[in-house]
Amino acid sequence: MDIAYIPSPSTGVVHLGPIPLRGYAFCIIIGVFVAVWLGNKRWVARGGKPGTVADIAVWAVPFGLVGGRLYHVVTDYQLYFGEGRNWVDAFKIWEGGLGIWGAIALGAVGAWIGCRLRGIPLPAWADALAPGIALAQACGRWGNWFNQELYGRATDVPWALEISEGPNRVAGTYHPTFLYESLWCVGVALLVIWADRRFTLGHGRAFALYVAAYCSGRVWIEYMRVDEAHHVLGLRLNVWTSIVVFVAAVVYLVLSAKLRPGREEIVEPDPSGADADGEGGDEAEGKASGTAAVVGEAKPKAAVLTKEAPAVEAAPAPEAGKS
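The text that follows walks through the structure, step by step, so that each part is easy to find. What you are looking at is a predicted structure, and each value in this text was computed from that prediction instead of being measured.

## A closer look at the overall build of the chain
Then, in step 1: The helix and strand tally for the chain stands at 10 helices and 7 strands.
Then, in step 2: Every one of the 323 residues in the chain was classed for burial, and the buried ones make up 37%.
Then, in step 3: Intrachain contacts of the chain at a sequence separation of at least 6 include 72% that bridge at least 24 residues.
Then, in step 4: Carbon and sulfur atoms make up 68% of the accessible area of the chain, which totals about 19000 Å².

## So, the pattern of salt bridges
Then, in step 1: A complete count under the given rule lists 12 salt bridges for this structure.
Then, in step 2: A salt bridge links D55 to R118; its shortest N-O distance comes to 2.6 Å. Linking D55 in helix α2 (residues 52-75) with R118 in helix α4 (residues 100-118), this pair joins segments that are 63 residues apart in sequence.
Then, in step 3: Residues E222 and R218 are paired through a salt bridge, measuring 2.8 Å at the closest nitrogen-oxygen approach. Placement of both E222 and R218 in helix α8 (residues 205-224) is noted, with a separation of 4 residues, approximately one turn of the helix. For the pair E222 and R218, a shared accessibility class is recorded, and that class is buried.

## Structural notes on the packing of helix α1 (residues 23-45) against α2
Then, in step 1: α2 packs onto α1 with a crossing angle of 145° between their chain directions and a minimal axis gap of 10 Å. Two packed elements cross with a definite hand, and for α1 against α2 that hand is right-handed. Across the interface between the two elements, I28, V32, V36, G39, N40 and W43 of α1 pack against T52, V53, A54, A57, V61 and L65 of α2.
Then, in step 2: For the contact of α1 with α2, the residue count by class is 9 nonpolar, 3 polar and no charged.

## Notes on the pairing of strand β2 (residues 13-16)
Then, in step 1: Judged from the 4 bridges that link them, β2 and strand β3 (residues 19-22) form a sheet pairing that is antiparallel. Pairing of V14 across the sheet is with L21, part of β3.
Then, in step 2: From the end of β2 to the start of β3, which pair antiparallel, there are 2 residues, and G17 there has a positive phi angle of about 70°.

## With respect to the nonpolar core
Then, in step 1: Formed by 34 residues in total, the largest nonpolar core has its most connected members in W43, W125, V192 and Y210.
Then, in step 2: Among the secondary structure elements, those contributing two or more residues to this core are α2, α4, α5 (122-140), α7 (177-199) and α8.
Then, in step 3: Beyond its immediate sequence surroundings of up to four residues, V192 is in contact with A130, P131, A206, L209 and Y210.
Then, in step 4: L161, I163, Y174 and L179 belong to the second largest nonpolar core, which has 7 residues in total.

Basis of the calculations
- Residues numbered from 1 in each chain as written.
- Predicted model: local features only at pLDDT ≥ 70, side-chain atom pairs only at ≥ 80, totals over all residues.
- Heavy atoms only, no water.
- Helix = DSSP H or I, 4+ residues; strand = E, 2+ residues; numbered from the N terminus.
- Buried < 20%, exposed > 50% of the residue type's maximum accessible area, 1.4 Å probe, protein only.
- Contact = heavy atoms within 4.5 Å.
- Areas by Shrake-Rupley, 256 points an atom, 1.4 Å probe, with all protein chains shown as cover.
- Salt bridge = Lys/Arg side-chain N within 4 Å of Asp/Glu carboxyl O.
- Axes fitted to C-alpha atoms, helices over the stretch in contact; angles between N-to-C directions.
- Left-handed = near helix turned anticlockwise from the far one by under 90°.
- Nonpolar A, V, L, I, M, F, W, Y, C, P; charged D, E, K, R; others polar.
- Pairing = 2+ DSSP bridges.
- Core = buried A, V, L, I, M, F, W, Y, C linked by side-chain atoms within 4.5 Å.

What follows is the structure, given as structure tokens:
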């Protein structure tokens, strides 16, 4: 009896003339646009300026892509530097292989540089972008569907993913872990948006909530995957990474709420307002100086008049007994 399943695409690339359009890259690009769009709306709602999120993303995205690829290559080095492997493949990012941990870590460095240049606090920017990052991950996971990778154990559930025969994979139906993570990320985004409105999260706590919520889902999803991975004490490396990062995010949430409650009142300083105040101050100072000069010039004239005026002697008081 045939079972229902999710079909996989026969190819992950479509050629537009000589230009290859790769599904994996297309999903990542869509995710970036979604993250910037939602992040911009949240940033403006917090009092920031339109376009600031995109300006900082120009720094964060390239750093994030490099960091994500580095994490993948380092943790799965045998895929590129093992026997019979070609190290040049490490640069073929379009074939898949981005580690979210490296992408977030190095992407934060790029965002920090952008925030420093704009004079805005990184935690506030991260809070605004947090649910957008989760949605970007939800979009990016569909790139794994195009590449027929990162699926789970074999199964015959109605939503099983059909995988065709190919390099390093066996034809069959498997758990669509890419879909599980995509849906989980959508849920994380909705959770962060709700919690941010309900509890007025600030000073990086919305971002920390996103990190903690994502890690809690990544643990059980990672446990279902069957692709090659390094193990530590019987658990996949990414499971341990999720646990450590989850604990760090929760600790930050607790400590930040105690040390810096509430939310930032000003997320982006207004240089034009500061300039206007400076110009006004200079103008007022100039007027005051001019007035002081006029007054200063008037005083000597008064003194001259007083000096040149004839003195008026007071009449002697009449002596007693004289008329």
